[in-house]
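One letter stands for each residue in the lines below.
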Amino acid sequence: MKPRQYSCGLDAAIDVIGGRWKALILWALHHGPVRTGELRRSVSGISEKMLIQVLREMEADEIVHREVFHEVPPRVEYSLTPLGARLNEALDALGNWGEENMRAIARRRGVEPAPRH
């Protein structure tokens, strides 16, 4: 079987952030390191199993760093790598567009928009 080829840079980027959860996890890590439980609460609707699976994929893509603190009880924090931070910066414009158009998108799709903070 022939290996997949990317047709353009956007194709490669979408391959890294594709799926329901990755962009939301990137966004949740925007302000600095976050523990696993905090991350799960920040990403509404994700199960712990799915969170761990997606974080492993993001680690393999080198956009997320996992740090284990050997203490009692054990503590794990996730943060963006420099590559992940650059990707998050690229997503900033997409997030702004979504914020500006969320109510109209939600109305057309029959979805409730989240309350604004």
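Treat the numbers as computed from the prediction; the structure is a model and nothing was measured.

**Q** I'd love a proper account of the overall build of the protein, names of residues and values included.
**A** A count of helices and strands for the protein gives five helices and three strands. Reading the protein from its N terminus to its C terminus gives the helix and strand order α-α-β-α-α-β-β-α. C-alpha extents for the protein along the principal axes are approximately 50 × 45 × 25 Å. Looking at the 117 residues of the protein, the share that counts as buried comes to 26%. A sequence separation of at least 24 residues applies to 43% of the contacts in the protein between residues at least 6 apart. As presented, the protein carries roughly 8700 Å² of accessible surface, and 54% of it is formed by carbon and sulfur atoms.

**Q** Tell me about the pairing of strand S2 (residues 64–69), and name the residues and values.
**A** It is a general feature of regular strands that their side chains alternate between the two faces of the sheet. Examined bridge by bridge, S2 and strand S3 (residues 75–80) share six bridges and lie antiparallel to one another. Bridge pairing links Val 64 to Leu 80 in S3. Between S2 and S3, which pair antiparallel and follow one another directly, the connecting turn spans five residues.

**Q** Residue-level account of the environment of Ala 104, with values.
**A** The topology assignment puts Ala 104 in helix H5 (residues 82–109). With a relative accessible area of 21%, Ala 104 lands in the partly exposed category.

**Q** Give a detailed account of the sheet that holds strand S1 (residues 34–35), specifying residues and quantitative values.
**A** The three strands lie next to each other as S1-S3-S2, forming an open sheet whose pairing is antiparallel. Two strands lie at the open edges of the sheet, namely S1 and S2, each paired on one side alone. The strands that helix H4 (residues 48–60) touches are S2 and S3; relative to S2, the one it contacts most, it runs at about 115°.

**Q** If you had to explain unusual backbone geometry to someone new, which residues and values would you point to?
**A** Note that the residue after Val 72, namely Pro 73, is joined by a cis bond; omega there is -5°. Backbone geometry at Glu 62 places phi at a positive 60°, although glycine is not the residue there. With respect to the helices and strands, the residue Glu 62 is situated in the loop between H4 and S2.

**Q** Quick rundown of the side chain of Thr 81? Include the residues and the values.
**A** Inspection of the secondary structure assignment puts Thr 81 in the loop between S3 and H5. Apart from residues no more than four positions distant in its own chain, Thr 81 is found in contact with Glu 62, Ile 63, Val 64 and His 65.

**Q** Mind laying out the pattern of salt bridges, listing which residues take part and the relevant values?
**A** If you walk through the whole model with that rule in mind, you get three salt bridges. One salt bridge in this structure joins Glu 71 and Arg 75, with 3.1 Å as the shortest N-O distance. For Glu 71, a relative accessible area of 37% corresponds to the partly exposed category. Residues Arg 75 and Glu 77 are paired through a salt bridge, measuring 3.0 Å at the closest nitrogen-oxygen approach.

**Q** Describe the packing of aromatic side chains, listing the residues and the values that go with them.
**A** All told, the structure shown has zero aromatic pairs when counted by the stated rule. Positioned above the aromatic ring of Phe 69 is the side chain of Arg 75, whose terminal nitrogen or guanidinium carbon lies 3.8 Å from the ring centre.

Definitions and limits used
- Residues numbered from 1 in each chain as written.
- Predicted model: local features only at pLDDT ≥ 70, side-chain atom pairs only at ≥ 80, totals over all residues.
- Heavy atoms only, no water.
- Helix = DSSP H or I, 4+ residues; strand = E, 2+ residues; numbered from the N terminus.
- Buried < 20%, exposed > 50% of the residue type's maximum accessible area, 1.4 Å probe, protein only.
- Contact = heavy atoms within 4.5 Å.
- Areas by Shrake-Rupley, 256 points an atom, 1.4 Å probe, with all protein chains shown as cover.
- Pairing = 2+ DSSP bridges.
- Axes fitted to C-alpha atoms, helices over the stretch in contact; angles between N-to-C directions.
- Salt bridge = Lys/Arg side-chain N within 4 Å of Asp/Glu carboxyl O.
- Phe/Tyr/Trp six-rings, centres within 6.5 Å; stacked < 30°, edge-to-face > 60°.
- Lys NZ or Arg CZ within 6 Å of the ring centre and 35° of its normal.

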